[in-house]
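Chain by chain, the residues:
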Amino acid sequence: MSAHGPALELAGITKRFGDTTAVEGVDLRVNFGAVHVLLGENGAGKTTLLRIAAGLLPPDEGRVVIPLTSSAAAAQPSTAGATRISLVHQHFSAVPALTVAENVALGRGGLLSRFNPGAIADELAALHRETGLVLPPPNTRVADLEVAEQQRVEIAKALLKRPGILMLDEPTSTLSPDAGRDLYRWLGEYAAGGHAVVVVTHRISDALAFGTDVTVLRHGRVALRAPRSATNERELLDAMFGAELEFAPDPASADAAAEGTDGRPVVIALRGAGYRDDRGVEHVANATLDIRAGEIVGVAGIDRSGHSALLRLAAGRIRPTSGSVVRGSTVAFVPEDRLRDALIGELSLEENFLLRGSAERRGWVSSAEGRAKTAAAMSAYAVRATDTLVPAAELSGGNQQRFVLSRELADQPRALVAEHPTRGLDARSGGFVRQALRSMRERGGAVLLYSADIDELLAMADRIVVCHRGRVIAVSRDRAAIARAMAGTA
Amino acid sequence: MRLLGAARYFARTTLPAVAVGAGLIGILGVVIALAGHDAGDALISGAQAAFGSSDALISATLKRATPLMWLGLAVAVAFRAGVLNIGAEGQFLVGAVCASAAGLYLPELPGVGGPLIVLAAGALGGMAWAGSAGWLLRRHGVNEVVSTLLLNLLASQLVGYLVRGPLQEPSRTYPQSSAVPEYFRVPLLLDGYRLHAGFLLAILAAGIIALLTYRHAIGFRWRVVGLGPLAAESAGLIDVGATRVRVLLLSGAFAGIAGAGELAGVTYSLFEGLSPGYGYTAIAVALIARLHPIGLLASAIAFGALGAAGDGMQRNSGVPADLTVVVSAGAILAVLAYPYVRARWAVMNPATDPPATDRAANA
């Protein structure tokens, strides 16, 4: 009984959606004891392949073989001969109205089993000790959690099933670098204990640092398949992007703008602005901040520091409950959760394009005009889709984000608020987004940018403020200063 | 090309209703047989009562379809925007009450159409009834499913009180109001048939709503609010709460017009059994048409025929008309199961494309 036998084999997998071939002739072999990294840029077919492997999507061609007897199965009586596959989705499936513990209890046990929050809390605490995964208190409502915490709950739910094969779709896209490292470290130990782990990511550094085996997908085909020890960064980059790598990692080149923007007009002005939600929870207190034409103001902050309310105040998506926010123009807004706050998955791209400012829209909706405008904006931002009638949900994450940008920036607004706009994007799409923000600044636009990635802020922003417990603190463009302010030890 | 487009449009909007209807007639036969009656005989007398003559078709089927069209529109408009108005029944009754009061107490105004006054009164009544649920939703966050449903009970009690009190006919013998005077009655469309002008107005209204829904910014906002309220708020800057209340008011107005039309075009007087559950049937009417304003005209006629057939079977074959309720229930179940069955079908037959989902219709 080897701890390194095959856990999962895919042979000649092909999957089409309409005219689009998502995955073509892919072979994949995942072994017990290994962290198998599935690498590829947005739209390369990673998620489709993962869903096929997990049995959520039937392939058009090819086979999925999951050997019945396995070391993991033998080691775990609960799995009783079948290898259990657990998939952590990139988008969340927790019920917002329920608490963390209730979400964990969902789908467990029989009709008559009792809900025991205490036992679940203990389980989660044990999981925390075991994995280093930082979880919110079990009695918090999921709706009250920020994105990163919600994702950790998703991961916890999958881990609690003690799967033989654990699959994760972009698990670190919302975790802090430290939490990501902890997760990977745990994944490595977990795999070494005789389980199989499949991680879908676009981060080459993750693959190199934590992978055992790497498979690179490019345009739905396998571009490279190698053990980690037999490959390197250059080779992976070439496999992912071919020779067309357009957006290299950004040089920290914001110094050009350091000449000072004080004389430029203020486009968005927060004057002692505060925000309390309906339940009286204070998200932002007494925030004063000017965002001027021709600058990018960076916002850093850990989860629940109030940055998301700050951005929405600046964008005019919520009204301050104290103080004032003055905007010199309408503000384009790119929210973090694209599919919830920016797009309606069921509607066509054309209709999603019309969505912007639709409260003000009057009269008949001309489809020819809307189509032309949508198509023009889409081609300007390299949105890949067969036509403008495709439902937004069918685009890959990077394409969705480019589409949102194309829409928000279509009529050349003077101000843009962007909330972690590179979240979950590969290097190329991320570079594209950053380029769009920079050209906005060069046009004289005012940009407020939140990112969970300090390096991105340092590379992009002319000034940086940190949110900590609802307070907005101006800091120097210095990594250590930012980190201290985020942690509240400044 | 254009013809093909029209055929597809018909297939998408009308065909599902026809198919469901055909299946349900089979179920009805089985139910009748199980209840110990001669299914063939009953179905034939039912069919005759619904379609057997121009009188059956117009004075029974289409007459019954008229309130279902208005009420179906009321339900479809609300559901489209994610507002689950279950209260069309109550709004219908209040519309009828207001129409009756207007017809009985308002003076005749030469130069102004009496029917328009009565229908407007009905629309206002339905709007007010729905508006109270809207106020509860907006001000106190009361779920509209609960409030509109409870307001139905209140409305039927209101009718019961009025026809024994303030609106009772002068002889105080029967629990009903006097008939509204000629001037206020909605005119009949054809001599000798009991189909009033509200039927044509419903078709007109459905056309307008279809245009608004699919071609106009107003209807676009309804759909957006129904499909993705958070995106509507964040990306569209739409006031989702206000939009929902407005839609609820419009829905109530349609339901109120249905009630006013029934009163001023069919019964002329108010009594407790004015609606044989039209407001609930309308939910099935709208859902079977997948909330499509034109499609629901067809499903309203189908349900109108079912009602007429039920009456006919009871008259001629002694089969209780209530058995047709089984069919209505079956129709609702079929509609509710549809998205699930379709999703299963997509999984079992991977060759076909994944189905587009229609969240508003499932809600």
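The structure we're discussing is the one just above.
Thresholds, definitions, all that
- Residues numbered from 1 in each chain as written.
- Chains lettered and ligands numbered in written order.
- Predicted model: local features only at pLDDT ≥ 70, side-chain atom pairs only at ≥ 80, totals over all residues.
- Heavy atoms only, no water.
- Helix = DSSP H or I, 4+ residues; strand = E, 2+ residues; numbered from the N terminus.
- Buried < 20%, exposed > 50% of the residue type's maximum accessible area, 1.4 Å probe, protein only.
- Contact = heavy atoms within 4.5 Å.
- Areas by Shrake-Rupley, 256 points an atom, 1.4 Å probe, with all protein chains shown as cover.
- Rg over C-alpha atoms; globule rule 2.2 N^0.38 Å.
- Lys, Arg positive; Asp, Glu negative; His and termini not counted.
- Charge placed at Lys NZ, Arg CZ, Asp CG, Glu CD.
- Axes fitted to C-alpha atoms, helices over the stretch in contact; angles between N-to-C directions.
- Parallel < 35°, antiparallel > 145°, perpendicular 65-115°, else oblique.
- Buried area = accessible area lost by both parts, 1.4 Å probe.
- Salt bridge = Lys/Arg side-chain N within 4 Å of Asp/Glu carboxyl O.
- Polar contact = N/O pair within 3.5 Å; in protein donor to acceptor, adjacent residues only side chain to side chain.
- Nonpolar A, V, L, I, M, F, W, Y, C, P; charged D, E, K, R; others polar.
- Left-handed = near helix turned anticlockwise from the far one by under 90°.
- Phe/Tyr/Trp six-rings, centres within 6.5 Å; stacked < 30°, edge-to-face > 60°.
- Core = buried A, V, L, I, M, F, W, Y, C linked by side-chain atoms within 4.5 Å.
- Expected span 1.5 Å × (residues − 1).
- Arc of directions from axis to C-beta.
- Pairing = 2+ DSSP bridges.
- Patch = residues over 30% accessible without salt bridge, like charges linked within 9 Å, V, L, I, M, F, W, Y side chains within 5 Å.

Chemist: What's the story with the overall build of chain A in this structure? I'm lost.
Modeler: Summing up its helical and strand segments, chain A has 16 helices and 18 strands in all. Of all 490 residues assigned to chain A, the portion counted as buried reaches 54%. When contacts within chain A are restricted to residue pairs at least 6 apart in sequence, long-range pairs at least 24 apart make up 69% of them. For chain A, the accessible surface area stands at approximately 20800 Å², while carbon and sulfur atoms represent 51% of it.

Chemist: Help me understand the overall build of chain B, please; the structure alone is not making it clear to me.
Modeler: Along the backbone of chain B there are 15 helices and zero strands. What you see for chain B is a C-alpha radius of gyration of 21 Å, in line with the 21 Å of a compact globule of 363 residues. Along the longest, intermediate and shortest principal axes, the C-alpha atoms of chain B span 70 × 60 × 40 Å. Considering chain B as a whole, with its 363 residues, one finds that 53% of them fall into the buried category. Long-range contacts, defined here as pairs at least 24 residues apart, represent 74% of the contacts in chain B between residues at least 6 apart. Surface summary for chain B: the accessible area is close to 15900 Å², and the carbon and sulfur share equals 67%. A distance of 12 Å separates the average location of the 22 positive side-chain charges in chain B from that of its 17 negative side-chain charges.

Chemist: Is there a simple way to think about the packing of helix α13 (residues 397–408) of chain A against helix α14 (residues 427–442) of chain A in this case?
Modeler: When two helices pack together, their arrangement is given by the angle between the helix axes and the distance between those axes. Residues and elements named next belong to chain A. Where α13 contacts α14, the two axes come as close as 10 Å, and the packing angle between them is 10°. Here α13 lies roughly parallel to α14, going by the angle between them. Residues G398, Q401, R402 and L405 of α13 form the contact with α14, whose own contacting residues are S429, F432, V433 and A436.

Chemist: Where do I start with the interface of chain B and chain A in this structure?
Modeler: One frequent convention defines the size of an interface as the accessible area lost when the parts assemble. With 24 residues of chain B at the contact, the number on the chain A side is 30 residues. Both sides of the chain B and chain A interface together cover about 2200 Å² of buried area, and 62% of this is carbon and sulfur. The three residues of chain B that bury the most area against chain A are F220, S234 and A235 of chain B, which together make up 24% of that side's buried surface. Where E351 of chain A meets R223 of chain B, a salt bridge forms, and the shortest distance between an N and an O atom there is 2.2 Å. Counting across the chain B and chain A interface gives 11 residue pairs in polar contact (both at pLDDT 80 or more). No other element matches the six residues that helix α9 (residues 217–227) of chain B contributes to the side of chain B that touches chain A. The residue makeup of the side of chain B that touches chain A, split by class, is 14 nonpolar, five polar and five charged.

Chemist: Where do I start with the packing of helix α4 (residues 54–80) of chain B against helix α12 (residues 278–288) of chain B in this structure?
Modeler: All names here are of chain B. Direction vectors running N to C along α4 and α12 enclose 65°, while the axes themselves pass 7 Å from each other. The hand of the α4/α12 crossing is right-handed. Taking contact as the criterion, the partners of R64, P67, L68, L71, G72, V75, A76 and F79 in α4 are, on α12, Y278, G279, T281, A282, I283, V285, A286 and L287. Of the residues that constitute the contact of α4 with α12, the class distribution is 12 nonpolar, three polar and one charged.

Chemist: What is the right way to read the environment of W364 of chain A from this model?
Modeler: Within the secondary structure, W364 of chain A is located in the loop between α11 (349–355) and α12 (367–380). C-alpha of W364 of chain A to C-alpha of Y190 of chain A: the two residues are 174 residues apart in sequence and 58 Å apart in space. Setting aside residues no more than four positions away along its own chain, W364 of chain A makes contact with L211, R215 and H216 of chain B.

Chemist: How should the packing of aromatic side chains be read in this particular structure?
Modeler: For any pair of aromatic rings, geometry is given as the distance between the ring centres together with the angle between the planes. All names here are of chain A. Scanning the entire structure with this criterion turns up six aromatic pairs over all chains. For the ring pair F353 and F403, a centre distance of 6.3 Å and an interplane angle of 65° mean the geometry is edge-to-face. Of this pair, F353 sits in helix α11 while F403 sits in helix α13, placing them 50 residues apart in sequence. For the residue pair F353 and F403, the accessibility class agrees, reading buried in each case.

Chemist: Explain the nonpolar core to me, please; I cannot follow it from the model alone.
Modeler: Nonpolar side chains in soluble globular proteins generally cluster together in the buried interior. Membership of the largest hydrophobic core comes to 89 residues, with the highest contact counts inside it found for I32, L71, F79, L270 and F303 of chain B. Top element by residues in this core is α4 of chain B. It accounts for 13 residues. Counting 42 residues, the second-largest nonpolar core is a separate cluster that includes Y184, A207, L224 and M240 of chain A.

Chemist: Is there a simple way to think about α12 of chain A in this case?
Modeler: For the α-helix, the turn length of 3.6 residues means that residues three or four positions removed from each other point alike. Residue and element names in this part refer to chain A. Its 14 residues place the ends of α12 20 Å apart at the C-alpha level, agreeing with the 20 Å of an ideal helix rising 1.5 Å per residue. Those residues of α12 that fall on the buried side of the exposure criterion are G370, T374, A377 and M378. Around the axis of α12, the buried residues are gathered within 100° of arc, so they sit on the same side. Of the exposed residues in α12, the ones pointing more than 90 degrees away from its buried face are A368, S379 and A380. As for α12, its buried residues are in contact with α11 and α13.

Chemist: Teacher, can you tell me more about helix α3 (residues 39–51) of chain B here?
Modeler: All names here are of chain B. Helix length check: α3 (13 residues) gives 18 Å between terminal C-alpha atoms against 18 Å at 1.5 Å per residue, within 8%. Along α3, the positions that sit buried rather than exposed are A39, A42, S45, G46, A49 and A50. The buried side chains of α3 occupy one side of the element, clustering within an arc of 140° when seen end-on. Looking at α3, the residues exposed on the side facing more than 90 degrees away from the buried face are I44, Q48 and F51. The opening residue of α3, the one whose side-chain oxygen lies 3.1 Å from the backbone nitrogen of G40, is D38.

Chemist: Which parts of the structure should I look at to understand the sheet that holds strand β1 (residues 6–17) of chain A?
Modeler: Strand pairing in a sheet takes place through backbone hydrogen bonds and is either antiparallel or parallel in direction. All names here are of chain A. Here we have three strands laid out as an open sheet, ordered β2-β1-β4, and antiparallel in their pairing. Strand pairing shows two members of the sheet lacking a second neighbour, β2 (20–31) and β4 (61–65), which therefore form its edges. Across the sheet, the axes of successive neighbouring strands diverge by a mean angle of 15°, strand direction being ignored. Sheet analysis places β1 next to β2, joined by eight bridges and oriented antiparallel. Within β2, the position partnered with L8 by the bridge is V30. Strands β1, β2 and β4 of the sheet are contacted by helix α1 (residues 46–53), whose axis makes an angle of about 125° with β1.

Chemist: Any chance you could explain a nonpolar patch on the surface here in plain terms?
Modeler: Residue and element names in this part refer to chain B. Taken together, the side chains of L189, L190, L200 and I203 make up a nonpolar region of the molecular surface, amounting to roughly 310 Å² of accessible area. Mapped onto the fold, I203 is located in helix α8 (residues 198–215). Assessed through its relative accessible area of 35%, I203 is described here as partly exposed.

Chemist: What should I look at first to understand the pattern of salt bridges in this one?
Modeler: Any two side chains of opposite charge can pair, so long as their charged atoms come close to each other. All names here are of chain A. Tallied over the full model, the rule gives 25 salt bridges over all chains. The residue R221 makes a salt bridge to E24 at a minimum N-O spacing of 3.2 Å. Remark: E24 occurs in strand β2 and R221 occurs in strand β9 (residues 221–227); sequence separation between them is 197 residues. The exposure class assigned to R221 is partly exposed, which follows from its relative accessible area of 45%. The closest approach of N and O atoms between E170 and K46, which form a salt bridge, is 3.7 Å.

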